[in-house]
Amino acid sequence: MFLSLRILIFVIIFRIQYPLWSTLRPGYNSIVDWWEDCKERVKRLMIRHGVRLARERRDRLAELESKCISAGGAELEQILDDQRRGAQIRSRERYLEHGEKPSAFSLSSGKTPCGV
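For clarity, every value in this text was computed on a predicted model and none was experimentally measured.

Cut-off values and rules
Residues numbered from 1 in each chain as written. Predicted model: local features only at pLDDT ≥ 70, side-chain atom pairs only at ≥ 80, totals over all residues. Heavy atoms only, no water. Helix = DSSP H or I, 4+ residues; strand = E, 2+ residues; numbered from the N terminus. Contact = heavy atoms within 4.5 Å. Areas by Shrake-Rupley, 256 points an atom, 1.4 Å probe, with all protein chains shown as cover. Salt bridge = Lys/Arg side-chain N within 4 Å of Asp/Glu carboxyl O. Buried < 20%, exposed > 50% of the residue type's maximum accessible area, 1.4 Å probe, protein only. pLDDT = per-residue confidence, 0-100. Phe/Tyr/Trp six-rings, centres within 6.5 Å; stacked < 30°, edge-to-face > 60°. Lys NZ or Arg CZ within 6 Å of the ring centre and 35° of its normal. Patch = residues over 30% accessible without salt bridge, like charges linked within 9 Å, V, L, I, M, F, W, Y side chains within 5 Å. Expected span 1.5 Å × (residues − 1).

Engineer: Teacher, can you tell me more about the overall build of the protein here?
Structural biologist: Each helix and strand counted, the protein has four helices and zero strands in total. Reading the protein from its N terminus to its C terminus gives the helix and strand order α-α-α-α. The contacts in the protein between residues at least 6 apart in sequence include a share of 42% that link residues at least 24 apart. Of the roughly 8700 Å² of accessible surface on the protein, 60% is carried by carbon and sulfur atoms.

The structure is reproduced here in structure tokens:
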């Protein structure tokens, strides 16, 4: 699935959800409370979307690793690069939120399987 299609799916889901969240506004004491709840809902939506993308990448990676053919080398390398960038982003987030230092493993480029 193309990245642009994945983004389109996320945007469609968001556009469906946000009007529903807007109907909840009268149930809050202040607009600030409603906005904080909306931010939390967006965060959960983004996390679920990220989990879905990660699952797709893992499935595709497992398929390519099992074949381990040179024709799939470029796509395999792209998936591994995406995984590394994701690990770096999560590590950076932990550092910013909790003061945890990134590990040497998360900062290293790692090795690719099958010598690809």
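Engineer: Which parts of the structure should I look at to understand the pattern of salt bridges?
Structural biologist: Pairing between side chains of opposite charge can happen when the charged atoms of each approach one another. For the structure shown, the criterion picks out four salt bridges. One salt bridge connects D37 with R41, and the closest N-O pair in it is separated by 2.7 Å. Of this pair, D37 and R41 both sit in helix α2 (residues 31–67), four residues apart, which is roughly one turn of the helix. For R41, a relative accessible area of 23% gives the class partly exposed. Residues R85 and D82 are paired through a salt bridge, measuring 2.4 Å at the closest nitrogen-oxygen approach. Highlighted residues: R85 and D82, both in helix α3 (residues 73–98), separated by three residues, approximately one helical turn.

Engineer: How should the confidence of the model for the protein be read in this particular structure?
Structural biologist: Detailed reading of the predicted model is not advised wherever pLDDT is low. With 77% of its residues at a pLDDT of at least 70, the protein reaches an overall mean of 77. Element-level mean pLDDT values for the protein span from 59 in helix α4 (residues 104–107) up to 86 in α2. Scored below 50 in pLDDT, residues 111–116 shows 11 contacts in the model against residues more than four places distant or in partner chains.

Engineer: It is not clear to me how the packing of aromatic side chains should be interpreted in this structure. Could you clarify?
Structural biologist: Any aromatic ring pair is given by two values, namely how distant the centres are and how the planes are angled relative to each other. This structure, assessed with the given rule, holds five aromatic pairs. Note on Y18 and W21: the rings are 6.4 Å apart at their centroids and 80° apart in plane angle, and the pair reads as edge-to-face. Here W21 and Y18 lie together in helix α1 (residues 3–22), a separation of three residues that amounts to about one turn. For W21, a relative accessible area of 5% translates into the label buried. Feature note: the residues F14, Y18, W21, W34 and W35 constitute an aromatic cluster, connected by ring pairs. Looking at R25, its charged tip hangs above the ring of W34, at a distance of 4.3 Å from the centre.

Engineer: Sorry, what's going on with a nonpolar patch on the surface here?
Structural biologist: Taken together, the side chains of L5, L8, I9, I12, I16 and L20 present a nonpolar region at the surface, about 510 Å² in accessible area. With respect to the element layout, L8 can be found in helix α1.

Engineer: Explanation requested: α2 in the structure shown.
Structural biologist: Given 3.6 residues per helical turn, the α-helix brings residues three or four places apart onto the same face. Between its first and last C-alpha, α2 extends 54 Å over 37 residues, near the 54 Å set by a 1.5 Å rise per residue. Of the residues making up α2, those classed as buried are W34, D37, C38, L45, H49, L53, A54, L61 and L64.

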